[in-house]
Amino acid sequence: MERLGAAQDNMENVLRKKAKDLLSSGEVKVVIGYGFNRRGTHITPVFITKPEDADKLVFNPRCVNNLSVYLTRKFKDIRAIGRPAIVAKGCDIKNVVVLIAEAQLKREDVYIIGMACSGIVYRQELWKGELKPEIMPTKCANCDVRYPHLYDCVLGDKPAFVPPDKPVGMVFDKIAALDEMDSAGRWAFWIKEFSRCIKCYACRQVCSLCYCERCITEKNMPQWIETSAHPRGNLSWNLTRAMHLAGRCTFCGECERSCPVNIPLNLVNKKLIQVTEESFGFRSGYDEKAHPPMIVFSPDDKENFIK
Amino acid sequence: MADIFLKTEYLDRLIGSVRQAGGRFIAPCTDARQTVFKEAHAAKDVVADYILAHNSYKEFLFPQTEVISTHKVKKDSVELKGIECAAQGTVIFGARPCEAASLSALRAVFTWDSIDEFYTKREDNTVVIAVACTRGDDACFCTTVGLSPDSTAGVDVMFKEAEHGWAVMPLTGKGRAFVEKHKDVFEKAAPAVKPLFYPEKIKGVDIEKIKERLSKKEHYEDPVWPELARKCIGCGACTFTCPTCHCFDIIDEGTAYEGERRKNWDACQFDHFTLHASGHNPRDTQYKRWRNRFMCKFKFYPDKFSSKGCVGCGRCIRVCPVRLDITEVMEEMSLRP
């Protein structure tokens, strides 16, 4: 494991050199990273296979995507290229950790280029040239992996940022407000939010932990989940996906960012993370050798849900 | 009737007049922190400052999900009941000229071999009021596909922004009847209209060349396809916000004894879209699905229906979680030798 210190403004150069070296030596066949779109207006995932293309790589606060989704078995074409290196922020690495813990990936099958990070924007469209707290997602305000925790090499200097003792941010405020409501109020809130769902499944497709090749919503003998975008179908889809991520979700926020109809999926997922932490003392995405609580039985498991 | 003008403050009366006649008035409104087409009850619901509604208004002519028949199994018979589509009179206000051009594409497919009355009845009862664009963003590319902020295809009444209101131009019989019906809210005046926003035509793109290229067999296995579509994650955000995408799935819901048959949106980007019962899938990887969507827009549609498959509204670009930009693929397909 290698630490390549670099000031914020020099990180891209170090990254490009590293990518070039990895590709020329044949250590990896593809570097999954961030680059600009053709018009230079937005950041988009890029797949670098030739050393001379490594200069296309960039790293800045608009690098919002969690590229770990491209490591999953859904992307057969990418797997076919050969061993990948991935440019990953600490939060993205949490998902790589889960993929390894859940036997989707062997640790040695991926080269992790960890990026020291000072935070990103919630959505690229919000970027006006300066990273301010009000355009950053809640995850960044409480991030304890701005200096990555699992990597083959890490780029950048250790940020001075220390996460607050008590988590702060809009997601936590809204969860607190929902917790205050009675169950009828919460029900009404979620029915209204989910009613907008158009079943485009962007939440599922962008999620690296939704790696099933056949999602339960596609199982139709019998049809477990109604595929219609009516309130019943939308509720069962969104609740099922939430439960399938319980104890696994790392709060990367990609589902909410991708949702074309702005369903506040971060609230569902963060709430489940809180419950898992309270009930099992488990935090997903930190230890690739620990199994998620939903797949292990422990005699110490709480039984206070039995009433 | 020439030189028609609608004062900004009379929009409320127009909405009232439409609603009083039993119609629904669909306009760009704010919902969940974004501008979307939605039923407006009064002018205060309508957003003026927007580039393009986030969703396409196709959902009011071709809903995401609708019941087309119901069935009930009885002791010695099965009761099947078809649903008669009750097409409510609808006014779409604030459409952009680009997306209005998509209606002919939708009509073409829904009237091609059999008539889909669920669509045609609704479209017949819909008046499209387009408001010509005075602003846009870097995802707009109507001029690249041969449209413009004041193109009239699919538009029943064109509105152009002016000081304190809109200059109103009825373009079709339906549009003229609409203006006539609600004539009390309009005035006679010819104010100066605001300058329109013309997105810059993307230099490298040549629609004819793309079509020609897609007609050649070799392009199909061109190794550039897996590269161009590599980042596609296979969600349906692009197709569901696209004003011309129209694929649907027929599904049955209910118990063994009674239930309903529904017509639901489907997307060619989903991996099970072309999965055969045998287990074979002719489009088994994402790039093949993406290639299909591109060909549908620039080859199949123009060939089969002589209509546009892509109107350049740019919704697919804005909504894509990985910013896969269709204009980049158009450029690539135009420039490749």
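One can find the structure itself at the top, above this paragraph.
One structure accompanies this document, and this report is about it. Since the structure is predicted, the reported quantities are computational estimates derived from the model, not experimental observations.

## Digging into the overall build of chain A
Part 1 of the argument: Helices and strands together make up the secondary structure of chain A, namely 10 helices and six strands.
Part 2 of the argument: Against the compact-globule benchmark of 19 Å for 307 residues, chain A has a radius of gyration of 20 Å, which places it among compact chains.
Part 3 of the argument: Principal-axis analysis of the C-alpha atoms places the extent of chain A at approximately 60 × 45 × 45 Å.
Part 4 of the argument: Within the span of chain A, comprising 307 residues, buried residues form 45% of the whole.

## Describing the overall build of chain B
Part 1 of the argument: Assigned secondary structure in chain B consists of 11 helices and 12 strands.
Part 2 of the argument: Since a compact globule built from 337 residues should have a radius of gyration of about 20 Å, the 22 Å found for chain B is in line with a globular shape.
Part 3 of the argument: For chain B, the proportion of its 337 residues judged to be buried stands at 45%.
Part 4 of the argument: Taking the contacts inside chain B whose residues are at least 6 apart along the sequence as the reference set, 72% of them involve residues at least 24 apart.

## Regarding the pairing of strand β11 (residues 248-254) of chain B
All names here are of chain B.
Part 1 of the argument: Across seven bridges, β11 lies against strand β12 (residues 258-265) in antiparallel orientation. Residue pairing for β12: aspartate 252 is matched across the bridge by arginine 261.
Part 2 of the argument: The hairpin turn running from β11 into β12, its antiparallel successor, is three residues long.

## Here's the deal with the sheet that holds strand β1 (residues 2-4) of chain A
Residue and element names in this part refer to chain A.
Part 1 of the argument: What the six strands build is an open sheet, ordered β1-β6-β5-β4-β2-β3; its pairing is mixed. Where the open sheet ends on each side, the last strands, each with one partner, are β1 and β3 (43-48). Along the sheet, successive strands turn relative to each other by an average axial angle of 25 degrees, direction set aside.
Part 2 of the argument: Bridge analysis of strand β4 (residues 84-89) against strand β5 (residues 111-115) gives five bridges, and the strand direction is parallel. Considered in β5, the bridge of valine 87 is made with isoleucine 113.
Part 3 of the argument: Contacting β1, β2 (30-36), β3, β4, β5 and β6 (153-155), helix α1 (residues 11-24) runs over the sheet at an angle of about 155 degrees to β6.
Part 4 of the argument: Along the sheet, helix α3 (residues 90-101) makes contact with β4 and β5, crossing β4 at roughly 130 degrees.

Definitions and limits used
Residues numbered from 1 in each chain as written. Chains lettered and ligands numbered in written order. Predicted model: local features only at pLDDT ≥ 70, side-chain atom pairs only at ≥ 80, totals over all residues. Helix = DSSP H or I, 4+ residues; strand = E, 2+ residues; numbered from the N terminus. Rg over C-alpha atoms; globule rule 2.2 N^0.38 Å. Buried ≥ 20, exposed ≤ 12 C-beta atoms within 10 Å, placed from the backbone. Contact = placed C-beta atoms within 7 Å. Pairing = 2+ DSSP bridges. Axes fitted to C-alpha atoms, helices over the stretch in contact; angles between N-to-C directions.

These values are about where atoms sit, not about what they do.
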